[in-house]
Amino acid sequence: MTDLPLYFERCRAEFPGLQRQHHGRAAVFFDGPAGSQTPQRVIDAVAHYLAHTNANTHGLFTTSRESDEIITEAHRAVADFLGADDPGCIVFGPNMTTLTLALSRAIGRTWRPGDEVLVTRSDHDANVTPWVLAARDVGAVVHHINFRRQDCTLDLDDFHRKLSRRTRLVAVGAASNATGTVHPVRTICEAAHAAGADVFVDAVHYAPHLLIDVQAMGCDYLACSAYKFFGPHVGVLWGERERLESLPVHKLRPAAEELPDRWMTGTQNHEGIAGTLAAVDYLANLGRRIDPAATSRREAIRAAFAAIEQYERQLLRRLLDGLTELPQITVYGITDPTRFAERVPTVCFTHARFTPQELAQQLAAEGIFVWHGNYYALPLTEVLGLEPHGAVRVGLLHYNTAEEVDRLLATLRAL
Ligand SMILES: Cc1ncc(COP(=O)(O)O)c(C=O)c1O
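In this report, the structure presented in the accompanying data block is examined.

Looking now at the sheet that holds strand β5 (residues 116-120). Taken in spatial order, the seven strands of this open sheet run β4-β12-β11-β10-β9-β5-β6, and their pairing is mixed. What marks the edges here is a single partner per strand, and that holds for β4 (90-93) and β6 (141-145). Taking the axes of each pair of neighbouring strands and ignoring which way they run, one obtains an average angle of 20 degrees across the sheet.

Written out as structure tokens, the structure reads:
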């Protein structure tokens, strides 16, 4: 781990999308929070599935058996990715939103009028509206946990005030897809469990940056999306076995009652699941190169994230040092390097003279791809008074470089 920048520079070669040119210069992909680029092995796995093992599940013939093997291995790989010990508790689906809506509908059927649900004002709406709708259907009450405007961290006092014996579920994001703030999930789980409530964690934004460990987090459910961690457009849901087995999920009559099938409605995106397996293996392979002593896939993934975390912090430092020197720019969220453990390298800011859309347009013209708006973290941008324009979001991933950060800063300085 001596020369991380060089190390990750070499990683870039595995991502064909990063070779894209814009008017003769390399394009800069700072749009990772909306979807990362994919390494060649993911692209190959999707193509290989379709070319050689394309079949429906549980047949007696070769392609179906091979297809089943790939899907079974994908469940194992994602269990390793999440630190879960039971691959049967890994559910694949179209995306996190659809899986969360299915889960919220099922959990909501166990609530009674007067039960309470806690959601946060700093989460993506996919971890808010599904719970609000489920609560509305049964007459349960929803409370919204505030965040501190000065650093965009969750207001734990407000959480403790709103948590009660009536709380049935706390829905919290592991990391904000707008400000990058990492939420204290373990603390929240401990308090929620002591009050008799379950915890659902949206780890979509956390997944490409930090090692997920459902056991260490202590949550009851967790969802993420492979297309944010270098895979294809597939959603992932994990839940405690007894909960997934007993919840009254809406499913078709001939579909199996066993896990994970009772949650995986209809025919799945098999090629996407094959690609998801390859995305996890990309990370494990990265980890094995960093730490050849890593024995299991989980250990290799752990090694990969240790290096990713360290490298991303270097890039984040460079980006924030540059941004905070520009008087026209206001950054929302933690900027103090001594507190980088409380955030991932996703930075959201506004400019005194340009709207986020104008800024994103000017950057796009320079081949620098960033998002603008609210990225569905609408309660957060509302509280920060950023609506209707939102803010610009720069998302760094381990395939980004210091030169790219410098190019962004130079472009902003020249405006
Ligand atoms: C934090 C967060 N949660 C949930 C979602 C929704 O994920 P999906 O597109 O898989 O439904 C996103 C997507 O951007 C996100 O960033």
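Our next topic: the side chain of R393. For R393, the position within the fold is in strand β17 (residues 391-395). Buried R393, no salt bridge; nearest opposite-charge side chain is D31, N-O distance 8.3 Å. Of note is the side chain of R393, whose polar atom sits 2.8 Å from the backbone oxygen of N177.

Bringing the sheet that holds strand β16 (residues 371-373) into the picture now. Hydrogen bonds along the backbone pair up the strands of a sheet, which may run parallel or antiparallel. If you trace the four strands from one edge of the open sheet to the other, you get β13-β14-β17-β16, paired in antiparallel fashion. Every interior strand has two partners, whereas the edge strands, β13 (329-332) and β16, have only one. Each strand of the sheet is rotated relative to its neighbour by a mean of 30 degrees, with strand direction disregarded. By the bridge criterion, four bridges tie β13 to strand β14 (residues 346-351) in an arrangement that is antiparallel. Among the inter-strand pairings, Y332 is bridged to a residue of β14, identified as C348.

Looking now at helix α10 (residues 270-290). Taking 1.5 Å as the rise per residue, α10 with 21 residues should run 30 Å; its terminal C-alpha atoms sit 30 Å apart, in good agreement. Within α10, 16 of the 21 residues are buried, leaving the element largely enclosed by the surrounding structure.

Within the structure, the ligand sits among N95, M96, T97, H124, A126, N177, D202, V204, H205, S225, Y227 and K228. Between Y227 and the ligand, the recorded distance is 2.5 Å, taken from a side-chain N or O atom to an oxygen atom. Here the ligand, which alone exposes 390 Å², has 90% of that area covered by the protein. For the shell around the ligand, the residue count by class is four nonpolar, six polar and two charged.

A word on the packing of aromatic side chains. By the definition in use, this model includes eleven aromatic pairs. When the ring of F29 is compared with that of F369, the centres are 5.1 Å apart and the planes differ by 80 degrees; the resulting orientation is edge-to-face. Here F29 is found in strand β3 (residues 28-29), whereas its partner F369 is found in strand β15 (residues 368-369), with 340 residues between them in sequence. Residue classification places F29 among the buried positions, given a relative accessible area of 6%. Judged by relative accessible area, F369 falls into the partly exposed class, the value being 22%. Aromatic rings pair up to connect F15, F230, Y282 and Y399 into one cluster. Between R393 and the ring centre of Y375, over which it is positioned, the NZ or CZ distance is 4.3 Å.

The rules we used
- Residues numbered from 1 in each chain as written.
- Predicted model: local features only at pLDDT ≥ 70, side-chain atom pairs only at ≥ 80, totals over all residues.
- Heavy atoms only, no water.
- Pairing = 2+ DSSP bridges.
- Helix = DSSP H or I, 4+ residues; strand = E, 2+ residues; numbered from the N terminus.
- Axes fitted to C-alpha atoms, helices over the stretch in contact; angles between N-to-C directions.
- Buried < 20%, exposed > 50% of the residue type's maximum accessible area, 1.4 Å probe, protein only.
- Lys, Arg positive; Asp, Glu negative; His and termini not counted.
- Salt bridge = Lys/Arg side-chain N within 4 Å of Asp/Glu carboxyl O.
- Polar contact = N/O pair within 3.5 Å; in protein donor to acceptor, adjacent residues only side chain to side chain.
- Expected span 1.5 Å × (residues − 1).
- Near = heavy atom within 4 Å.
- Areas by Shrake-Rupley, 256 points an atom, 1.4 Å probe, with all protein chains shown as cover.
- Nonpolar A, V, L, I, M, F, W, Y, C, P; charged D, E, K, R; others polar.
- Phe/Tyr/Trp six-rings, centres within 6.5 Å; stacked < 30°, edge-to-face > 60°.
- Lys NZ or Arg CZ within 6 Å of the ring centre and 35° of its normal.

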